[in-house]
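Coordinate inspection notes
Below, each chain spelled out in residue letters.
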Amino acid sequence: MTMRLDYLSIFPAYFDVLDISLLGKAAVNGLVEVHAHDLRDWTHDRHRTVDDTPCGGGAGMVMKPDPWGEAFDEIIGTEPDSSVHVIFPSPSGAPFTQSAAQELSSAVRIVFCCGRYEGIDHRVIDYARSMWTVHEVSLGDYVLNGGEVAALAITEAVVRLVPGFMGNPESLAEESFSAGQDGLLEYPLFTRPVSWRGLDVPEVLMSGHHGRIAKWRRDESVRLTCERRPDLTDSDFGVPH
Ligand SMILES: COc1cccc(COC(=O)c2cn[nH]c2)c1
């Protein structure tokens, strides 16, 4: 089945990049179809206005609800449909995770709503929740100028999990944040040459001793995870304190 991806943004050209690389291939072999839309196409004034001052005062501008509603009517439709996933990237969203990407990889339709300015009139999100399955997601605790870059990142995380997309599905199993790694960070990777600028590949990896190699990799994953992501380690992590 083909996954349809729509992007609503005042900078739709951000999504031209989806025609190349891995995603381009998926689009070509019919796994994914991509449609980017300019939100200003649903404005009716000479200046194609999409923003206005915030009710209640405050700095900056807020995106008006009207253009979003008219764009939704045309792009998605006016009937409720819980199979449509609508994503609003936002600093105040729920953290986006690999499991969320895994779930979204089986969606038939995903619509990305890219906020700009200080954000989108909240009634747009409330209306969307009454119609479709809505996800307000954050990529991290920092602020971007708009949702476009986040939408691209979420797209890549999701589309690479679509069955038939990745040439070698095994490579998905072993990487960080996948169940196969028990939620640990990935161990360090090496390839030839064995010696490079005075730096050598750890000998154990050249030993051909698969048991020792597996142990070294597990120990490295545990070490790295404790060092960099204590939040990922549960209390009785099995590492002696
Ligand atoms: C919806 O309203 C806004 C307002 C401002 C910026 C954005 C874009 O998202 C982010 O900045 C972001 C996403 N994850 N971490 C940061 C959306």
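What you see is a predicted model, and the numbers here were worked out from it, not measured in a lab. (Residues numbered from 1 in each chain as written. Predicted model: local features only at pLDDT ≥ 70, side-chain atom pairs only at ≥ 80, totals over all residues. Heavy atoms only, no water.)

1. A look at the environment of G146
Short version of the rule: A run of H or I in DSSP becomes a helix once it reaches four residues, and a run of E becomes a strand once it reaches two; helices and strands are each numbered from the N terminus. Throughout, a residue-residue contact means that at least one pair of heavy atoms, one from each residue, lies within 4.5 Å.
For G146, the position within the fold is in the loop between β7 (133–138) and α5 (148–159). Distance in space between the C-alpha atoms of G146 and E136 is 14 Å, their sequence separation being 10 residues. Look past the residues within four positions of G146 in its chain and what remains in contact with it is G115 and R116.

2. Here we look at the pattern of salt bridges
Going by this rule: For this analysis, a salt bridge means a side-chain nitrogen from Lys or Arg found within 4 Å of a carboxyl oxygen belonging to Asp or Glu.
Enumeration according to the criterion identifies 13 salt bridges in this entry. With its nearest N and O atoms 2.7 Å apart, the salt bridge here joins R4 to D6.

3. A short note on the packing of aromatic side chains
What counts, and what does not: Here a pair means two rings of Phe, Tyr or Trp (six-membered ring of Trp) with centres within 6.5 Å. Their orientation is stacked below 30 degrees between planes, edge-to-face above 60, and tilted elsewhere. With a 1.4 Å probe rolled over the protein chains alone, any residue whose accessible area is under 20% of its type maximum counts as buried; one over 50% counts as exposed, and the rest are partly exposed.
Here the structure, examined in full by the defined rule, presents 7 aromatic pairs. Aromatic side chains Y7 and F112 sit 4.9 Å apart centroid to centroid with 5 degrees between the ring planes, which places their arrangement in the stacked category. Here F112 lies in strand β6 (residues 109–113) and Y7 lies in strand β1 (residues 3–9), a separation of 105 residues in the sequence. Residue Y7 is classed as buried on the basis of its relative accessible area, which comes to 0%. Their ring planes at 50 degrees and their centres at 6.5 Å tell us that F11 and Y14 sit as a pair that is tilted. We classify F11 as partly exposed; its relative accessible area is 38%. On the basis of relative accessible area, Y14 is assigned to the partly exposed category, the value being 35%.

4. Details of the sheet that holds β7
Rule in force here: One bridge is not enough; two strands pair if DSSP finds at least two bridges between them. For helices, the fitted line uses only the C-alpha atoms of the stretch in contact; every axis is such a line through C-alpha atoms, and the angle between N-to-C directions lies from 0 to 180 degrees.
What the 5 strands build is an open sheet, ordered β2-β1-β6-β5-β7; its pairing is parallel. Both outer strands of the open sheet, β2 (32–38) and β7, are each paired with one neighbouring strand and no more. Each neighbouring strand pair of the sheet contributes to a mean axis angle of 25 degrees, computed without reference to strand direction. Inspection of the sheet shows β1 paired to β2 by 7 bridges, in the parallel sense. The partner of M3 across the bridge, within β2, is V32. Here helix α2 (residues 65–75) sits on the sheet and contacts β1, β2, β5 (84–95) and β6; the angle it forms with β1, its principal contact strand, is near 160 degrees. In the packing of α5 onto the sheet, contacts are made with β1, β2, β5, β6 and β7, and the angle to β1 comes to roughly 170 degrees.

5. Description of the UniProt feature "binding site: S-adenosyl-L-methionine" (unreviewed entry) in the protein
Keep this limit in mind: UniProt positions are given in the numbering used here, feature names are shortened, and annotations may be inferred rather than shown by experiment.
Here, UniProt's "binding site: S-adenosyl-L-methionine" (unreviewed entry) annotation points to G115, L139, G140, D141, Y142, V143 and L144. The exposure class assigned to G115 is buried, which follows from its relative accessible area of 14%. Setting aside chain neighbours within four positions, we find G115 in contact with M63, I120, N145, G146, G147 and E148. Secondary-structure assignment places L139 in the loop between β7 and α5.

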